[in-house]
Amino acid sequence: MASGRNVTLLALNYSPEPTGNAPYTTALARRLVENSGVTAVTGFPHYPQWSRYAEYPGLYARSEDQGVDLRRVAHWIPNPPRGLKRLLSELHFGLHQMNSPWGRTDAAILVSPALFASALCAVRLRFPRRIPHAVWVQDLYTHGMMETGEGSSIAVRIAKTVERWLLKHADAVVAIHPAMRERMIRDLGADPDRTFVIRNWSHVSPSPRRRDDARARLGWDPAARIVLHSGNMGRKQGLTTVVEAARLAHQRGDDVQFILLGDGAERAELESLADGAPTLRFIDPLSDELFPDALAAADVLLVNELPGVKEMAAPSKLTSYFAAERPVLAAVDPEGIVAGILRESQAGRITPSGDPHGLLDAALEYLEDSDALDAAALAGAAYWRSHLSEDAAIKSWLEVLDVVTQRKTAPGTLAS
């Protein structure tokens, strides 16, 4: 602990949760122990299933995780996590989190979402003495409510008030994409001089196996043409479009198979909608050892978003997709964050969200163009190496913590 600084990380999600914010929260905590004492106060594992992992019972737990003092607090877990249920869950978690023992804290990092839990912890950080803190925004909460149509106009106004207060009173705000930074400054009143960009990095090491070897290990059909979507199956992903595209492929006799790998609040409904179509498979979350092989085994990796989702987030799966050196197909808003990343990286193609026929036709056309597939795969891997380095991200986080604790002036390069 070269700095002698004690950092408290306040987040809902943490390892062993395989997707969403958890891999980044966990990696940051484990890397910060190289320079600081680190306490992480988190929830019990429940994501993306939105059901408590059976091997983690109890109301409070404390353990050591690669040098991190890990403290877990229980909260109510709704399924599906929508509307008022989501709000009550966050408030329940936040109250437990803010009232749990944190130990000595010189600086804190609040991860949003969970927005309302972070706001409660920000109140504690102001009393009885003010503790400097940064807010790490993984999703724009208010934009998410508006883009997914969740919550009434009153609920959106309340969330926006809370989000503005949280960002305005933070000593630093970290966005994961430049477009998110601009939205926070423009729409939520974040201070441009204290709002920085640190991109999420790939938390998945690429598989050493090529496509055919990876398929052999997984027992997948070597001849199938596979379009794979991995990660959370929630409302934001809009995966009914993928299910309908797969059913359409079955009706038309198209040579393609869609795979939905993961879990989430919408999975049961999606499986019911699929009605056993042979062109669609659901696969449970895989181990850290097998997951890279699944990405390597796909012909195309899919990002799919609900129509209207545009600016709320940069999906974490993209970093893993690029690292896997496989081409990407993004069924998203052509003017949104994901489309911008695909254009910048040249790692894949874009098709409008919410159109099953368009998605299927785009996938089939892409699968026929081997030169385009190879070029996109190589471009994605190059972008991962040059833009999504974990070491560079951790270095930037150390600079932000220096800003938060007033050890030096703001590092303007982070806001580029």
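Within an unreviewed UniProt entry, the label attached to the chain reads Glycosyltransferase subfamily 4-like N-terminal domain-containing protein, and the organism entered is Demequina sediminis.

Novice: Could you give an account of empty space enclosed by the protein, with specific residues and numbers?
Specialist: Under the definition given, this model contains one cavity of 30 Å³ or more. Its boundaries defined by the atoms lining it, the largest cavity holds a volume of some 120 Å³. If you go around the largest cavity, you meet 13 residues; those closest to its centre are Asn200, Ala314, Thr319, Ile341 and Leu388. Sort the elements by how many residues they give to the lining of the largest cavity and helix α11 (residues 317-323) lands first, with three residues. Per-class residue counts for the lining of the largest cavity are eight nonpolar, four polar and one charged.

Novice: How would you sum up the UniProt feature "domain: Glycosyltransferase subfamily 4-like N-terminal" (unreviewed entry) in the chain? Please name residues and give values.
Specialist: As recorded in UniProt, the feature "domain: Glycosyltransferase subfamily 4-like N-terminal" (unreviewed entry) lies at residues 20-201. Annotated as 40% helix and 21% strand, the span residues 20-201 places its first and last C-alpha atoms 12 Å apart.

Novice: Any details on the sheet that holds strand β14 (residues 348-352)? Residues and values, ideally.
Specialist: Strands sit in the order β11-β10-β9-β12-β13-β14 across an open sheet of six strands; the sheet is parallel. With one partner strand each, in any of the chains shown, β11 (280-283) and β14 form the two edges of the open sheet. Across the sheet, the axes of successive neighbouring strands diverge by a mean angle of 25 degrees, strand direction being ignored. Here strand β12 (residues 300-304) pairs with strand β13 (residues 328-332) via four bridges, running parallel. Bridge pairing in β13 links Leu301 to Val328. Across the face of the sheet, helix α8 (residues 240-252) comes into contact with β10 (257-261), β11 and β12 while running at roughly 150 degrees to β10.

Calculation notes
Residues numbered from 1 in each chain as written. Predicted model: local features only at pLDDT ≥ 70, side-chain atom pairs only at ≥ 80, totals over all residues. Heavy atoms only, no water. 1 Å grid on protein atoms, 1.4 Å probe; cavity = no way out; pocket = protein on both sides within 12 Å on 5 of 7 lines; lining within 4 Å. Points joined across faces, edges and corners; volume = space filled by probe spheres on them. Helix = DSSP H or I, 4+ residues; strand = E, 2+ residues; numbered from the N terminus. Nonpolar A, V, L, I, M, F, W, Y, C, P; charged D, E, K, R; others polar. UniProt positions renumbered as here; feature names shortened; annotations may be inferred. Pairing = 2+ DSSP bridges. Axes fitted to C-alpha atoms, helices over the stretch in contact; angles between N-to-C directions. Contact = heavy atoms within 4.5 Å.

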